[in-house]
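Survey of secondary and tertiary structure
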Amino acid sequence: MDPEMALELVKHGAMLLLLDVPQYTIVGIDTQVFTVGPAFKGVKMIPPGPHFVFYSSSSRDGKEFSPIIGFFCHVGASEIIVRKWDQQDEKLVKVSEEEEERYSEAVRSLEFDKHLGPYNLRQYADWTRLSNYITKSVIERIEPIGGEITVANEPAMIKNTPKTAMEKALDEQLKSSKCSTSIDKSQLRGCYYTSIPRVIKRKGAQGHELTFLNLDKTQLLESLLIKDYGGSEDLLLGELQFAFVAFLMGQSLEAFLQWKSLVSLLFECTEAPFHTRSQLFVKFIKVIYFQLKYGLQKDSPDTTGAAAALLDDSWFSADSFLHHLFKLQDFFSLVQDASVVDGDLLSWTRRLQELLEKTLGWEFQQKSAVDGIYFEEDDEFAPVVEMLDDQPLTDAPAE
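This report concerns the structure included in the present document. It should be emphasised that the depicted structure is a prediction, and the values quoted were computed from it without experimental measurement. (Residues numbered from 1 in each chain as written. Predicted model: local features only at pLDDT ≥ 70, side-chain atom pairs only at ≥ 80, totals over all residues. Heavy atoms only, no water.)

Here we come to unusual backbone geometry. One non-glycine residue, Asp30, lies in positive phi territory at about 60°. Structurally, Asp30 can be placed in the loop between β2 (26–29) and β3 (32–35). Note on Asp30: relative accessible area 0%, which makes it buried. (Helix = DSSP H or I, 4+ residues; strand = E, 2+ residues; numbered from the N terminus. Buried < 20%, exposed > 50% of the residue type's maximum accessible area, 1.4 Å probe, protein only.)

Here it is as structure tokens:
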């Protein structure tokens, strides 16, 4: 890089000063990961906007690591973030205002310049695709008290939810970690994610009405957008991206479950994509496309340590929740067979389908008489088909 350009980036980019971090600690920002050496004191030339900083403390030999701790921040031009290593708690903490000002002035005077690693701008495009809806208000709305996101601090309530092999692996990592027994359970704080009902219940509704509401989640989506997101579609997409980043880079099980709930909700809408919310679904498909495209780069030389460590073989197997979500095939069929559909929605849906077919080897073409969904003969998740006679149906009792 041209020296003058580099100096401009150093002066106008944000900087992350990390003091006294032990050697071998893993430190990451966005899609980039560093292993701390004796001279490392942070990162410079960080573009303004949202970022996710994460780290994992190491044993002295650098062979064992504690659960990842991460935090979101939204930085301005030339902003300086200062954190100092707390040896007792083995984590980064804020410094006093007086210390922060003193260290910031030293950073501006380039006293720490040779100890700051440059932000890899070649990876910035990947990060912007993963975070373009994460605003300062999204971060403030969702982040936990204190800002720290870590599986070790998550509420016990998520421990009793159904888990795939990947989720169980995260649980095992937590149980075997050196941090699992040192945390005061009364201090546990999770993120403030929006509550997404898995099953819709409505008092006084007839059986067929409940069935319809649970087959097409459009009304639930509309209700959540008004009640929880103030009518803002971008806030919902921001939460989807927040959860994905916290899950992928921060290895948060709570974040994975929220991402899974939001993805399931949107793929289970059959009316909204073609009427009132077509633009939301264009943006949603683009978001999920870039998330999966990045996350599924398992064998790519550009895949960061964060992604490779988490997306193990369970992502590529039939145990993935996306594979169980046969509504995904319904969605693809609805969009591609619709008589009137937004051109961008059709284009991005096809790209997403091709990505899953090429990367995971899944098949979505029509090979079954059951709504065009392909199932193996011994697929326990395949729907049961009953042949009904001509007698009138009666409503099941409301739940």
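Okay, the nonpolar core next. If you look at the biggest cluster of nonpolar residues, it comprises 91 residues, and the most contacted ones within it are Leu221 and Phe281. In contact with Leu221, other than residues within four places in its own chain, are Leu236, Leu265, Leu266, Cys269, Ala272, Leu280 and Phe281. Core analysis: the next-biggest nonpolar cluster, separate from the first, contains 13 residues, Val82, Val95, Ala106 and Phe112 among them. (Core = buried A, V, L, I, M, F, W, Y, C linked by side-chain atoms within 4.5 Å. Contact = heavy atoms within 4.5 Å.)

Our focus in this paragraph is helix α2 (residues 97–108). With twelve residues, α2 ought to run about 16 Å at 1.5 Å a step, and its terminal C-alpha atoms sit 16 Å apart, in line with that. Turning to α2, its buried residues are Tyr103, Ser104, Ala106 and Val107. One side of α2 carries all its buried residues, which in axial view fall inside an arc of 160°. Facing away from the buried side of α2, by more than 90 degrees, are the exposed residues Glu97 and Glu98. A positive backbone phi angle near 65° is found at Leu110, which sits one or two residues after α2. (Expected span 1.5 Å × (residues − 1). Arc of directions from axis to C-beta.)

Here five strands make up an open sheet; going across it, the order is β8-β7-β1-β4-β9 and the pairing mixed. On the outer flanks of this sheet lie β8 (91–94) and β9 (117–118), each paired with one strand and no other. Pairing analysis gives five bridges linking strand β1 (residues 14–19) to strand β7 (residues 80–86), with the strands arranged parallel. Residue pairing in the sheet places Leu18 in a bridge with Arg83 of β7. Across the sheet, α2 lies against β1 and β7, angled at about 120° from β7, the strand it touches most. (Pairing = 2+ DSSP bridges. Axes fitted to C-alpha atoms, helices over the stretch in contact; angles between N-to-C directions.)

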